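Listed below are the residues making up each chain.
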Amino acid sequence: MRPYLHSRVASSLLIIAAHSISAALQSRWQTPILDPAGLVNMFIGTTDGGHVFPGATLPHGMVKVGMDTDSPGNQAGYDANPIYNATGFSQLHDQGTGGGVSLSNFKLWAFASCPMDDSFYACPTSLESRKVLRNILPDGSPDDAASPGYFSTNLSTGIRVELTATRRTALHRYTFPEGTANPRMLVDITDDGMQSSTNPVMTLNSTTARVIGSATFQASFGPGRYRVYTCVDFKGDGYTFDGPVEYGAWLGDYPVQYSVDLNQLYFGFVDELGALFTFPPNPNGTTSIQARAGVSFISAEQACSNAEEEIPDWDFDAVQSAARAEWNDILGRVQVDPDGVDSEIVELFYSSLYRIHVVPADYTGENPLWNSTEPYYDSFYCNWDTFRALYALMSLHDPVNFARIIRGLINIQQHEGWLPECRGATKQQFIQGGSNGDPILGEFLVKYYNEAEALNVSTSALYSALLADAEDQPPNWDLQGRQANVWKAIGYIPSDLWEPSGTNTKQVSRTLEYSFDDFAISQVAKTMGNTADGQKYAERAANYINVWNPNTTVPGRPDIVGMMQPRFLNGTFNYTDPRHCSVNDPTQSTCYLNAANKDGFYESSPLVYSQFVPQDGAKLVELQGGPDAFISRLDFLFDEHYFDETDEPSMQIPFMYHYANRPGLSTQRSRQVIAQYFNTSVNGIPGNDDSGAMGTWATFLLAGLYPVPATRQYLLSSPWFPQISFYNPIFNKTTTIIANGFAGNPANGTGGQVFVESVTIDGQPWGSNCYLDWDAFTSGSTIELQLTDNINVTCGAGTDALPPSLSTGGFD
């Protein structure tokens, strides 16, 4: 599709969405935000381990073109700390991950001059030799700028770099300093983020300056290696040239003039290799050179065709405009009323919402593993990070992309046997917990069962994929599926069972996640009318109780009784200190992915995991001694810093007070999380963004909602805005939440007129102040919250006012 046509279509969609939203807005609401992309701060979380990608991409685009720096935490390539050098501008990145530095393939670089009288031979082509600092602004930050679909920087060499993208192609623009006599462009075939390349292939065309190349690279978080291809062309911007003045392949810091492929070099196993060109300068003014880089996981030929089809006209501004229009279409479906709200909060909201649409990436047409007409998505890095909330946020406003992701997940299961858990660059990566594709499929089916056929999702194939995870043990549960046989036999993962199919670790946290996975399957079965399976998997969803030891206490706190604990095959309990894997752990253990970890938990403490039963909050209240004891225990988690704002197992904890009938405490805790841990600075998120998980969390907390995934319920608090609306293009409906009595947001998150006293839906009293049902979002309701400053509000009268729980029959 031609870029300007693409932009026109996307703009039309935005206008339709805005009109639909406008029809549902109350008269006192200001004009809808038509350019929410302009409110996105791309640099939030780009230092101190946030690993946020601030470069140019489309929603779920495969190509993510951005700057690479030489910082130690460059998992997304970039670091906003200006002390780090730029090393190149590569075409592929991930978003917010841990693990090894993923992707960062096929860097481009520009030289305004080279040493030894600007000699081609003397150009410092290696990664270490060529790197330079960025210009520094008066406030001490680097001279970088970005918005959805666009990135730019000014290097200390005087070169300005601008980037934009289509789905599988990047477009670069390099503007050289005045008087540059020999503008040069470098293509780096081998230097990915981990410098892991093997088997490089490259040829350059001395007439056209086209470079085609490929190499094999190491996956970031698993044992696999992937091969990827690129096709790079160059063109004068505002002037034309017939071809390069000089050309050659380079090895390390040694360009070899007039060589055209790697066979003309002596290279070894880990050498740095690429191409270098000198182009004629613009005779009429400033020299700008564009580079178009197509990428493919299939072949170099397909990389070239991707580039030629997606950016045929080399119109940088049109490509950038089309990308922004696509972003505005998706972001504009969620509208907030900024009246009386600090502008930083509005910026934080849309910046967080933006990040949930960066990955997974749409690799459709780029799957080298099998032929299929179904969508193919990659960069599920990892479902463990995102199953809790991200897809429940997509359900509210982006069901079409969600459906395509679901189709891609199902197609992977059909070819590989189990749903993917952690996946990157087409390779299976290490599982962190359960088979957490299950609640993602469950989230879709439970909410969109009646629309599945229209969205081209086969419900029978979806259910078959779930059953494969639940019933069939894979050859290696470290990479896919579950330790299913013992799970089915005894209902927990024992500490002392060694099988040849995977690593004997994370037994307790995997038990809890398997329980929730089966809960998701039970909800799917019930929705599809399969009563027997619904009951079967609901019973298995209660297996979390099998690792509950009622006698374990916290050292020094005998009043905190009962804990999730490891258990032996014979039924007796092992012991893990409840403080283990927390900041209070006397042994300072981390519980990261490690085969030597026999303590039963992954990345968080027994105290945190003892709250992780999203399907049965009521039973947790009972097990922990009733509402007062439950509240006291939650307070202990926060006050003694066991609550871990950097990691996903803690994400629902601020809302757990709901289950003890104290939603005001949930509201205050969730607001304190935003006030203490999120802001719009470059280190404005806690921990890694984790494939958009932290962006999701911030979005929901600011919206005053939190999901119970794979159900039809959203836990309810109060939004940070007088109103918030969600437009759903499948239903063509807008649901608006109005906060009556809104009086602003306390800066520290404490107190204020923010607590929900009562709820009406379309003018009728709603039976709970603690949750909303999905039906309100399918019918385009107006939900009105009456706010008060009384933190002692309750969920309302009657047991049905409490959020549903498995043990009370709330999900029947």
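This structure is a prediction, so every number in the text was calculated from the model and none was measured.

A.B. asks: A description of the confidence of the model for the chain should follow, citing residues and the corresponding values.
C.D. replies: Mean pLDDT over the chain works out to 95, with 96% of the residues at or above the 70 mark. Contacts for the low-pLDDT stretch residues 1-28, under 50 throughout, to residues beyond four places or in other chains number 47 contacts.

A.B. asks: Summarise the UniProt feature "domain: Glycosyl hydrolase family" (unreviewed entry) in the chain; cite the residues concerned and give the values.
C.D. replies: UniProt tags residues 302-788 as "domain: Glycosyl hydrolase family" (unreviewed entry). Between the first and last C-alpha atoms of residues 302-788 the distance is 60 Å; the span itself is 38% helix and 14% strand.

A.B. asks: Residue-level account of the environment of E347, with values.
C.D. replies: Looking at where E347 falls in the secondary structure, it is placed in helix α6 (residues 343-355). Look at E347 and you get partly exposed, because its relative accessible area is 25%. It is 9.8 Å that separates the C-alpha atoms of E347 and A37, two residues lying 310 residues apart in sequence. Not counting residues up to four positions away in its chain, the partners in contact with E347 are L39, N41 and T680. A distance of 2.9 Å separates a polar atom in the side chain of E347 from a polar atom in the side chain of N41.

A.B. asks: Give a description of the state of the cysteines that names residues and reports values.
C.D. replies: All chains considered together, the criterion is met by five disulfides. Put simply, C114 and C123 are joined by a disulfide, and their sulfur atoms are 2.0 Å apart. Sign of the S-S torsion, about 95° for the bond between C114 and C123, identifies this disulfide as right-handed. Since its relative accessible area comes to 6%, C114 is described here as buried.

A.B. asks: Before we move on, could you go through helix α11 (residues 459-471) and cite the residues and values that matter?
C.D. replies: With 13 residues, α11 ought to run about 18 Å at 1.5 Å a step, and its terminal C-alpha atoms sit 18 Å apart, in line with that. All of the buried residues along α11 are A461, L462, Y463, A465, L466, A468, D469, A470 and E471. Where the residues of α11 are buried, they touch α9 (399-416), α10 (437-448), α12 (484-490), α13 (507-527) and α14 (531-541).

A.B. asks: Talk me through the packing of helix α8 (residues 390-397) against α10; I want residue IDs and the actual numbers.
C.D. replies: It is at 9 Å that the axes of α8 and α10 come closest, and there the two elements cross at 25°. Accordingly, the angle class assigned to the pair α8 and α10 is roughly parallel. Considering only the axes of α8 and α10, their crossing is right-handed. Of α10, the residues touching α8 (which contributes Y391, A392 and S395) are I440, E443, K447 and Y448. Considered class by class, the residues forming the contact of α8 with α10 number four nonpolar, one polar and two charged.

A.B. asks: Can you explain the nonpolar core? Please cite residues and give values.
C.D. replies: The biggest cluster of nonpolar side chains holds 207 residues, and the ones touching the most others in it are Y174, F234, F349, I406, F444, L462 and M564. Lining this core are residues from two domains, each supplying at least three of them: domain 1 (37-328) and domain 2 (374-808). Contact partners of F349, with chain neighbours within four places excluded, come to V334, V336, T699, L702, A703, F721 and I724. By size, the runner-up hydrophobic cluster in this structure holds six residues, among which are Y150, L171, I311 and F316.

What counts as what
Residues numbered from 1 in each chain as written. Predicted model: local features only at pLDDT ≥ 70, side-chain atom pairs only at ≥ 80, totals over all residues. Heavy atoms only, no water. pLDDT = per-residue confidence, 0-100. Contact = heavy atoms within 4.5 Å. UniProt positions renumbered as here; feature names shortened; annotations may be inferred. Helix = DSSP H or I, 4+ residues; strand = E, 2+ residues; numbered from the N terminus. Buried < 20%, exposed > 50% of the residue type's maximum accessible area, 1.4 Å probe, protein only. Polar contact = N/O pair within 3.5 Å; in protein donor to acceptor, adjacent residues only side chain to side chain. Disulfide = S-S within 2.5 Å. Expected span 1.5 Å × (residues − 1). Axes fitted to C-alpha atoms, helices over the stretch in contact; angles between N-to-C directions. Parallel < 35°, antiparallel > 145°, perpendicular 65-115°, else oblique. Left-handed = near helix turned anticlockwise from the far one by under 90°. Nonpolar A, V, L, I, M, F, W, Y, C, P; charged D, E, K, R; others polar. Core = buried A, V, L, I, M, F, W, Y, C linked by side-chain atoms within 4.5 Å. Domains from an automatic or database assignment.

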